[in-house]
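Single-letter residue listing:
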Amino acid sequence: MPQDSCFTSLLFALQDVPYGDFTHKLIPTLSRERIIGVRLPALRKEAKNLAKQQPEAVALFLNSLPHYYHEENLLHGFLIEQVKAFDQAIAYTEAFLPYIDNWAVCDTFSPKLFLKHPKETYTHILQWLKSSQPYTIRYGIGLLLSNYLDDYFESEMLSLVASIQSDEYYVNMMIAWYLATALAKQYEATLPLIQSQTLSPFVQNKTIQKARESRRISEEVKDFLLQYKLPTL
C-alpha cells in the first residue's frame, strides 16, 4: 500500500469514482489504482483553502516527493500556484518536474508568478528544454506556448522548439501544438519554418493538422498549408 500523504484522506473525501474511470481513459499510461477521481475545480478550490488555512501542512506536502496518487500530483501543482514568492515557486517547480509522469499533470499547472517574471522564468525554460525527461521538456514548451507567443515572443524561441529531437509522443505533440499556435499568433515568423520542411514528418504534419483545426486561422491559410505536408512511412 502507498504511504498516505497528509492530504490523502481529504482527496478521498472528494472522490468521484465514475470521474476516475473517465480520467483513466484519458491517461492510459497511468494505472487505474493510482487515480482517486477528483474533479479539477474541486482540487483548485482545496489548494486555495489549504494554502490559506494550513501553510505548514502545505510546506510538508510540497517537500514530500514522490506522491503515489494522480490527484496528489495535481494538488501539488495547484499548491505551487499559490506560492507568493517567485524564487520559491521556481524551486518547488524544479523539484516537482522530475516526478511528473503524465500529460495531464504537466499541462494543468502554471504559476501566474511566471508571467510576472518572464525573463527570469525564460532562463529556467532554456534548461528544461535540454532535459532528458519528457515531461520536463513538455512543461517548458507549454510555458513558451502560454506565456511567450504574444508580448514576449522572440523568433529564437521557434528555433529552440523546432530543434528539439525526441522519440517521445507527448513531447512531439506539444511541439506541434506550440507551432500550430505560433502560426495563429506569429504567422510571418512561423511560416518559413513550415515551408522549410525540416521538422520530422510527424511534427510537420501534426502541426499542419492542428493549424487546420484552429478557428484562429483563415480557411485560405489552412488550404495553403496543405502543400507542406510530408510523406510518412
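Residues numbered from 1 in each chain as written. Predicted model: local features only at pLDDT ≥ 70, side-chain atom pairs only at ≥ 80, totals over all residues. Heavy atoms only, no water.

Overview of the side chain of K222
So, point 1. Secondary-structure assignment places K222 in helix 15 (residues 219-225).
So, point 2. The exposure class of K222 is buried, given its relative accessible area of 9%.
So, point 3. Only 2.8 Å separates the side chain of K222 from the backbone oxygen of S214, close enough to count as a polar contact.
So, point 4. Non-local contacts of K222, meaning those with residues more than four positions away in its chain, are made with A211, R212, E213, S214 and I217. (Helix = DSSP H or I, 4+ residues; strand = E, 2+ residues; numbered from the N terminus. Buried < 20%, exposed > 50% of the residue type's maximum accessible area, 1.4 Å probe, protein only. Polar contact = N/O pair within 3.5 Å; in protein donor to acceptor, adjacent residues only side chain to side chain. Contact = heavy atoms within 4.5 Å.)

Examining the packing of helix 12 (residues 169-185) against helix 13 (residues 187-196)
So, point 1. It is the contact of helix 12 with helix 13, at a shortest axis distance of 6 Å, that shows an interaxial angle of 135 degrees. It follows that helix 12 is oblique to helix 13 by the angle criterion. As for the relative orientation of helix 12 and helix 13, their crossing is left-handed in sense. Across from L179, A182, L183 and K185 in helix 12, the residues of helix 13 making contact are Y187, T190, L191, L193 and I194. (Axes fitted to C-alpha atoms, helices over the stretch in contact; angles between N-to-C directions. Parallel < 35°, antiparallel > 145°, perpendicular 65-115°, else oblique. Left-handed = near helix turned anticlockwise from the far one by under 90°.)

Description of the layout of surface pockets
So, point 1. Reported here for the largest pocket is a volume of approximately 290 Å³.
So, point 2. Taken together, 15 residues line the largest pocket, and the ones lying closest to its centre are K48, E81, Q82, P111 and K112.
So, point 3. Every element with two or more residues in the lining of the largest pocket is listed here: helix 3 (40-53), helix 5 (70-81) and helix 8 (112-116).
So, point 4. Across the lining of the largest pocket, the residue classes tally to seven nonpolar, two polar and six charged.
So, point 5. Shared between two domains, the lining of the largest pocket takes at least three residues from each, and those domains are domain 1 (1-109) and domain 2 (112-232). (1 Å grid on protein atoms, 1.4 Å probe; cavity = no way out; pocket = protein on both sides within 12 Å on 5 of 7 lines; lining within 4 Å. Points joined across faces, edges and corners; volume = space filled by probe spheres on them. Nonpolar A, V, L, I, M, F, W, Y, C, P; charged D, E, K, R; others polar. Domains from an automatic or database assignment.)

Structural notes on a positive patch on the surface
So, point 1. Residues K48, K52, K84, K112 and K116 make up a contiguous surface patch of positive charge.
So, point 2. Elements represented by at least two residues in the positive patch include exactly helix 3 and helix 8.
So, point 3. On the accessibility criterion, K116 (64% relative accessible area) is exposed. (Patch = residues over 30% accessible without salt bridge, like charges linked within 9 Å, V, L, I, M, F, W, Y side chains within 5 Å. Areas by Shrake-Rupley, 256 points an atom, 1.4 Å probe, with all protein chains shown as cover. Salt bridge = Lys/Arg side-chain N within 4 Å of Asp/Glu carboxyl O. Lys, Arg positive; Asp, Glu negative; His and termini not counted. Charge placed at Lys NZ, Arg CZ, Asp CG, Glu CD.)

Quick look at the packing of aromatic side chains
So, point 1. Applying the stated criterion to the full structure yields 14 aromatic pairs.
So, point 2. Centre to centre, the rings of Y68 and Y69 are 4.9 Å apart; their planes meet at 85 degrees, and the pair counts as edge-to-face.
So, point 3. Owing to a relative accessible area of 24%, Y68 belongs among the partly exposed residues under this scheme.
So, point 4. According to the relative accessible area criterion, Y69 is buried, its value standing at 9%.
So, point 5. Cluster of aromatic residues (ring-pair linked, three or more members): F96, F109, W128 and Y139.
So, point 6. The ring of Y68 carries the charged tip of R34 above its face, separated from the ring centre by 5.9 Å. (Phe/Tyr/Trp six-rings, centres within 6.5 Å; stacked < 30°, edge-to-face > 60°. Lys NZ or Arg CZ within 6 Å of the ring centre and 35° of its normal.)

Considering the domain arrangement of the protein chain
So, point 1. Its domain assignment divides the protein chain into domain 1 (1-109) and domain 2 (112-232).
So, point 2. On a C-alpha basis, the centroid separation for the pair domain 1 and domain 2 is 27 Å.
So, point 3. At the interface, 18 residues of domain 1 touch 15 residues of domain 2.
So, point 4. Buried surface at the junction of domain 1 and domain 2, summed over both partners, amounts to about 1500 Å²; 69% is from carbon and sulfur atoms.
So, point 5. Inspection of the domain 1/domain 2 interface yields one salt bridge.
So, point 6. One salt bridge in this structure joins D107 and R138, with 2.6 Å as the shortest N-O distance.
So, point 7. For the pair domain 1 and domain 2, the number of links is four residue pairs in polar contact (both at pLDDT 80 or more).
So, point 8. Listing elements by their share of the side of domain 1 that touches domain 2, those giving two or more residues are helix 6 (86-96) and helix 7 (103-108).
So, point 9. Here the element with the most residues in the side of domain 1 that touches domain 2 is helix 6; it accounts for five residues.
So, point 10. Of the residues that constitute the side of domain 1 that touches domain 2, the class distribution is 11 nonpolar, three polar and four charged. (Buried area = accessible area lost by both parts, 1.4 Å probe.)

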